[in-house]
Amino acid sequence: LLQVAARILASADRLQCMSLADLEPSFSPGLNSELLNGLSGTGPAAEENDDGAAEQKKLVHIRVQQRNGRKCITTVQGLSSDLKLEKILKAVKKAHCCNGTIVEDEEMGQVLQFQGDQRDNVMNFLTQNEICDKGKIKKHGHG
């Protein structure tokens, strides 16, 4: 395990210089106080999880959901509330020959739904029209 870590550190150009002595405490079988603080839910590890959850909310999530047989729908969640979703919906429907609707969700607010697997089409539409950048879009599912 230490040899694998050494190879990873040796091949990474952008990482700062670290020695194997820096890695050894994390591989020790005994639990130290830093590890216990990370498991308790308080401390720096818990703060990173809160930041990750806040960062997750800022993303636009594009998912595909299986209905029955070969039928599926594409959902788009996390778009800003100040956008005119009706105009986005109309433009995507016209550009990609699919039907769609806006569904009000208790947790996520307004969610766009499109017929069929339109993940790539919606992602391209959002980036080409500069509604959101590619780094803020999370495409879920395989394919």
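In this text, all values refer to a predicted model and were calculated from it rather than measured experimentally. (Residues numbered from 1 in each chain as written. Predicted model: local features only at pLDDT ≥ 70, side-chain atom pairs only at ≥ 80, totals over all residues. Heavy atoms only, no water.)

Caption draft 1: Geometry of helix H5 (residues 85-96). Compared with the 16 Å implied by 1.5 Å per residue over 12 residues, the 16 Å span of H5 between its first and last C-alpha is a close match. Three or more residues of H5 are buried, namely Leu85, Ile88, Leu89 and Val92. Down the axis of H5, the buried side of the element spans an arc of 100°, and every buried residue falls inside it. Along H5, the residues that are exposed and aim more than 90 degrees away from the buried face are Glu86, Lys87, Lys90 and Lys94. Those residues of H5 that are buried are in contact with strand E3 (100-105), strand E4 (109-115) and helix H6 (119-128). Just past H5, the residue Cys97 takes up positive phi, approximately 50°. (Helix = DSSP H or I, 4+ residues; strand = E, 2+ residues; numbered from the N terminus. Expected span 1.5 Å × (residues − 1). Buried < 20%, exposed > 50% of the residue type's maximum accessible area, 1.4 Å probe, protein only. Arc of directions from axis to C-beta. Contact = heavy atoms within 4.5 Å.)

Caption draft 2: The arrangement of the pattern of salt bridges in detail. Here the structure, examined in full by the defined rule, presents 2 salt bridges. With a closest N to O distance of 2.8 Å, Arg119 and Asp117 form a salt bridge. For Asp117, a relative accessible area of 42% translates into the label partly exposed. In this structure, the salt-bridge partner of Lys139 is Asp120, at a minimum N-O distance of 2.6 Å. Highlighted residues: Lys139 in strand E5 (residues 137-139) and Asp120 in helix H6, separated in sequence by 19 residues. Asp120 gets classed as partly exposed once you look at its relative accessible area, which sits at 42%. (Salt bridge = Lys/Arg side-chain N within 4 Å of Asp/Glu carboxyl O.)

Caption draft 3: The nonpolar core, seen in detail. Val76, Leu112, Phe114 and Leu126 are the most contacted members of the largest nonpolar core, which has 17 residues in total. Broken down by secondary-structure element, the contributors of at least two residues to this core are strand E1 (60-66), H5, E4 and H6. When sequence neighbours within four positions are dropped, the list of residues in contact with Leu126 reads Val60, Ile62, Leu79, Ile131, Cys132 and Ile137. (Core = buried A, V, L, I, M, F, W, Y, C linked by side-chain atoms within 4.5 Å.)

Caption draft 4: Layout of the pairing of E4. Bridging between strand E2 (residues 72-77) and E4 involves 4 bridges; their strand directions are antiparallel. Residue Ile73 lies in a different strand from E4, and its bridge partner there is Gln115. Of the pairings in the sheet, the one linking E3 to E4 comprises 6 bridges and is antiparallel in character. Each residue of the ladder has a partner; that of Thr101, found in E4, is Gln113. The turn joining E3 and E4, which pair antiparallel and follow one another in sequence, is formed by 3 residues. (Pairing = 2+ DSSP bridges.)

Caption draft 5: Summary view of H6. Inspection of H6 places Arg119, Val122, Met123, Phe125 and Leu126 among the buried residues, and these make up the whole buried set. All buried residues of H6 project into a common sector of 165° when viewed along the axis, lining one side. Residues of H6 that are buried make contact with E1, E2, H5, E4 and E5.

Caption draft 6: Structural view of a negative patch on the surface. On the surface, Glu104, Asp105, Glu106 and Glu107 cluster together to form a negatively charged patch. Of note, Asp105 is situated in strand E3. Classification of Asp105 by relative accessible area gives partly exposed; the value is 30%. (Patch = residues over 30% accessible without salt bridge, like charges linked within 9 Å, V, L, I, M, F, W, Y side chains within 5 Å. Areas by Shrake-Rupley, 256 points an atom, 1.4 Å probe, with all protein chains shown as cover. Lys, Arg positive; Asp, Glu negative; His and termini not counted. Charge placed at Lys NZ, Arg CZ, Asp CG, Glu CD.)

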